[in-house]
Amino acid sequence: MGKARRPVQIVILIFIVILGVYAIGSAVSGGGSGKPKMGDKPPAIKLLGMDGKVHTLEEYKGKAVVVNFWATWCTYCVNEMPALQAQWKKWSDQGVVVLGINTGEDEMTVRNFTQQLGIDFPVLYDTNNEAVQDYGVVPMPTTFFVDKKGKIASIHEGELNLATLDDQIKRLVNP
Amino acid sequence: MIKNTKCECGHQNRVGTVLCEACGKPLDEHADSKELLEMRYDGVARRSQRANPNFIDKIWNFFSSVKVAIYLIIFTLIGAIFGTIFEQESNFVSFDPSTFYKDKYGTIGDIYYKLGLSHTYESWWFVLLLVMIGASLVICSLDRVLPLYKALSKQKIRKHMQFLTRQKVVYQGPVEGNGEEWVQQAVKPLKKKGYRVHTDGSALLAEKQRFSRWGPYVIHIGLIVFLLAVLFRGLPGLHLDKHYWFPEGEITKIPDTNLYLKNDKFTVEYYTEEEMSDDFRGTGKIVPKLFETKAILYECTADCGDPSKEPKLKEVQQHAIRVNDPLNYKGFKAYQFDFDLTPKLRSVQPVLVNVETGEQYGKFKLDMTNPQQNFTLGPYTLELKNKFMDFALNDQGQPISKSKDPNAPAFLFLVKGPDLPEKGSQYIYFPKQIDKERFQQDAINEKLGGLQNKLQLDVIGMEDVDFIESSSYLNIRIDRAMPYVWTGLGIVMLGLVMGFYWQHRRIWLRIDDGVLTVGGHTSKNWFGLRREVASFLKMMNVEVDEKQLDNGGNRS
């Protein structure tokens, strides 16, 4: 019997196992709609901020991030803005970042709005609704709570009030 | 247990050998048996057949079994049936599967969804079955093709008598003259029939179209290429199937690519009443005859991923996209899917009018998105302070926008100039006449400072209004794995043709003491082989009826 056969057999079997694990793995994980779920890594973003600089989630590595998708025409988003601003003031020195992602409005609209409400947490423009699609945002507002390890701790659809927001952030800071 | 696998001709055979690799004598059988020989793989042992299989050998043997392969295929087919009961999640643009199946099909639908059958073809067990079929293809082929190749490339010409007499096509009878001379004479007629002839004294082997034996293995290679292509289709960048809106006249970025598409012009034509049949006219439906998007595709060449910079675009293709006539650029395809004919305001170009004198100042462009913010018109300066795309008043009476679509746009200006207060005067402007009346522009301006009696913004003609007349909904597809899928299927076809249209035929003959023994074997078409052998024998002056050559039995 050929001496080279055993290694060849093993190589082929390993190859099949690797392919199989890859195929099943990608089928199971990629089988869904691609919407991020609790425990997932939040999809990467690269958006222009109101400060004129390009921002990514990488900048906030090691921090807890509250990613809020909003628009000026969405009443509930407008309602929860003061709560977000208050919590940003309260928690920003404890490694919490509130990140407002405006969905598809122009600079002037956003700037007027934030000035009017006195908002000073970072706001990014999602001009082409790319982040909206990557995050699978359907109702507005939708808020993603990302913990310090960079995993989505919870997802909140709809208006947040001061108390629930405080509660959620507390859990991010002290899990 | 060690089996003696040594043949009487002195050849040491492998475990599992059916016919001696050298002389073709059947092994492990009663010598007096008249049964037809098992000629599969020329009687050689498959690679996996071992005396003492270990763990790896057992896995190998499992996958090398054709029986297992058939079961795998049957299970896969049954599994695939489940995926055809209700529509699959992947076939739809957008719906919530967790409620869809229950609402549409009731409890059965809910069970169907909960069992995961709404995505049968992406489920772990289905993919596992496919992977196992793939493994079986590779291992089955390797296990058989290598020994078969070896056996066929070093065939012994003089075979054992039993090997000849137990073929399916057999002739035995006396011949005149010297055996070796007879064999030499037999070479020519066989060559004429397309055989390659090898002689060894009074024995002869004639063979043709051996390549057809590789047909099944070529098919397997094709199937493996096909399976791999389907498997790697899921890799990022190789596959995309999304739907996006493209407003007319706008350059729209296509997410997850570096391509931009401009819907230059969208047209839709409907069937006229005359073109419809009488029956159809009765239904009152309006059916589009043609919808077409004149599209220009751009590729981003620089500053692509940087949202703070304008991307540099290069035009790469133009195409009029119609149904079944997509734009196709290096595997990137855009299909016409739907359209929306609701016009949307893009920009207006009003003039500033002095109400008292009727004097007009300038014409300036007011875009709905990202408008310019400062305008100088004659002696006046206008500063755009705020804008509302879908104007409304909230509960507190403050102006808000109900959506981002310019359904009822309103612009708030701060106007400065002669006869106006030092810090300016506020003025709200509704470009649409209907909104002016509905929201009472003059009444609002009266409250803001009464500027409407001195100055007005007005659009003079329709040519100063720019609409996005329609939007086209395109299906964006990338399927870079398809060429490999087609290659795989092409190889399968090649294998099928090799195996179907040609047959591997072999004729052995030997002369012992004036007795000619002929044995014939073919991979299929025994009728053809019998006829060929009979005609060959006739040329050698041996009269024999075709049917007499049949040795009976059903073994192929």
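Residues numbered from 1 in each chain as written. Chains lettered and ligands numbered in written order. Predicted model: local features only at pLDDT ≥ 70, side-chain atom pairs only at ≥ 80, totals over all residues.

(A) Focus on the overall build of chain A. For chain A, the count of helices and strands is 5 helices and 7 strands. Each helix and strand of chain A, ordered N terminal to C terminal, gives the series α-β-β-β-α-β-α-β-α-β-β-α. In terms of overall size, chain A is more extended than a compact globule, its C-alpha atoms giving a radius of gyration of 21 Å where 175 residues would be expected to give roughly 16 Å. Each of the three principal axes of chain A carries a C-alpha extent, and together these read 85 × 35 × 25 Å. Per-residue burial over chain A gives 30% buried out of 175 residues. Taking the intrachain contacts of chain A between residues at least 6 apart in sequence as the baseline, contacts between residues at least 24 apart amount to 71%. (Helix = DSSP H or I, 4+ residues; strand = E, 2+ residues; numbered from the N terminus. Rg over C-alpha atoms; globule rule 2.2 N^0.38 Å. Buried ≥ 20, exposed ≤ 12 C-beta atoms within 10 Å, placed from the backbone. Contact = placed C-beta atoms within 7 Å.)

(B) Structural detail: helix α6 (residues 179-192) of chain B. Residues and elements named next belong to chain B. With 14 residues, α6 should reach 20 Å at 1.5 Å per residue; the first-to-last C-alpha distance of 21 Å fits that figure. In this structure, the buried side of α6 is in contact with β2 (196-200), β3 (203-208), β24 (505-512) and α12 (526-539). Following α6 by one or two positions, Gly194 has its phi on the positive side, about 90°. (Expected span 1.5 Å × (residues − 1).)

(C) Structural context of the sheet that holds β24 of chain B. Residues and elements named next belong to chain B. Pairing in this open sheet of 5 strands is antiparallel, and the strands run β1-β25-β24-β3-β2 from one edge to the other. Taken across any chain shown, the strands that pair with only one partner, and hence form the sheet edges, are β1 (169-174) and β2. Across the sheet, the mean angle separating the axes of adjacent strands is 10° when strand polarity is ignored. The sheet contact formed by β1 and strand β25 (residues 515-522) spans 6 bridges and is antiparallel. Looking across to β25, one finds that Gln172 is bridged to Thr517. Across the sheet, α6 is in contact with β2, β3 and β24; its angle to β2 comes to roughly 175°. α12 contacts β1, β24 and β25 of the sheet and is inclined by roughly 20° relative to β1. (Pairing = 2+ DSSP bridges. Axes fitted to C-alpha atoms, helices over the stretch in contact; angles between N-to-C directions.)

(D) Region of interest: the interface of chain A and chain B. Listed per partner, the contact involves 33 residues of chain A and 30 residues of chain B. Listing elements by their share of the side of chain A that touches chain B, those giving two or more residues are α1 (5-30), β1 (46-49), α3 (107-117) and α4 (130-134) of chain A. Of all the elements, α1 of chain A adds the most residues to the side of chain A that touches chain B, at 13 residues. Here the residues of the side of chain A that touches chain B sort into 15 nonpolar, 12 polar and 6 charged. (Nonpolar A, V, L, I, M, F, W, Y, C, P; charged D, E, K, R; others polar.)

(E) Spatial organisation of the sheet that holds strand β6 (residues 142-146) of chain A. Residue and element names in this part refer to chain A. Pairing in this open sheet of 7 strands is mixed, and the strands run β2-β1-β5-β4-β3-β6-β7 from one edge to the other. At either margin of the open sheet sits one strand with a lone partner, and together these are β2 (54-56) and β7 (152-157). Averaged over neighbouring strand pairs, the angle between their axes works out to 30° when direction is ignored. One ladder, built from 4 bridges, connects strand β4 (residues 96-103) with strand β5 (residues 123-126); its direction is parallel. Looking at the pairing, Asn102 lines up with Tyr125 of β5.

(F) Spatial organisation of the nonpolar core. Ranked by size, the top nonpolar core spans 36 residues in total, and within it Val65, Val66, Val67, Leu99, Ile101 and Val146 of chain A carry the most contacts. Elements with a minimum of two residues in this core: β3 (64-70), α2 (75-91), β4, α3, β5, β6 and α5 (162-173) of chain A. Of all the elements, β3 of chain A adds the most residues to this core, at 6 residues. Other than its neighbours up to four places away in sequence, Val146 of chain A contacts Pro42, Ala64, Val65, Val67, Lys151, Ile152 and Ala153 of chain A. By size, the runner-up hydrophobic cluster in this structure holds 29 residues, among which are Cys7, Val183, Leu509 and Ala534 of chain B. (Core = buried A, V, L, I, M, F, W, Y, C linked by C-beta atoms within 7 Å.)

(G) Local environment of the packing of α2 of chain A against α5 of chain A. All names here are of chain A. Orientation of α2 relative to α5, taken along the N-to-C sense of each, is 35°, at an axis distance of 9 Å. Crossing handedness for the pair α2 and α5: right-handed. In this structure, α2 contributes Ala83, Leu84, Ala86, Gln87 and Trp91 to the contact, and α5 contributes Leu162, Leu165, Asp166 and Ile169. For the contact of α2 with α5, the class distribution of residues is 7 nonpolar, 1 polar and 1 charged. (Left-handed = near helix turned anticlockwise from the far one by under 90°.)

(H) Broad picture of the UniProt feature "transmembrane region" (unreviewed entry) in chain B. Residues and elements named next belong to chain B. Mapped onto this structure's residue numbering, the UniProt feature "transmembrane region" (unreviewed entry) falls at residues 68-86, 124-146, 217-235 and 484-502. Counted over residues 124-146, helix gives 100% and strand 0%. Its end C-alpha atoms are 33 Å apart. This span, residues 217-235, is 84% helix and 0% strand, and a straight line between its end C-alpha atoms measures 28 Å. (UniProt positions renumbered as here; feature names shortened; annotations may be inferred.)

(I) Examining α2 of chain A more closely. Residues and elements named next belong to chain A. Taking 1.5 Å per residue, 17 residues should reach 24 Å; α2 reaches 25 Å between its end C-alpha atoms and fits that length. The axis of α2 is deflected most strongly, by about 35°, at Met81, and proline Pro82 appears within four residues downstream. Taken together, the buried positions of α2 are occupied by Cys77, Glu80, Met81, Leu84, Gln87, Trp88 and Trp91. Buried-residue contacts for α2 involve β3, β4, α3 and α5. (Bend = angle between axes of the 7 residues up to and from the residue.)

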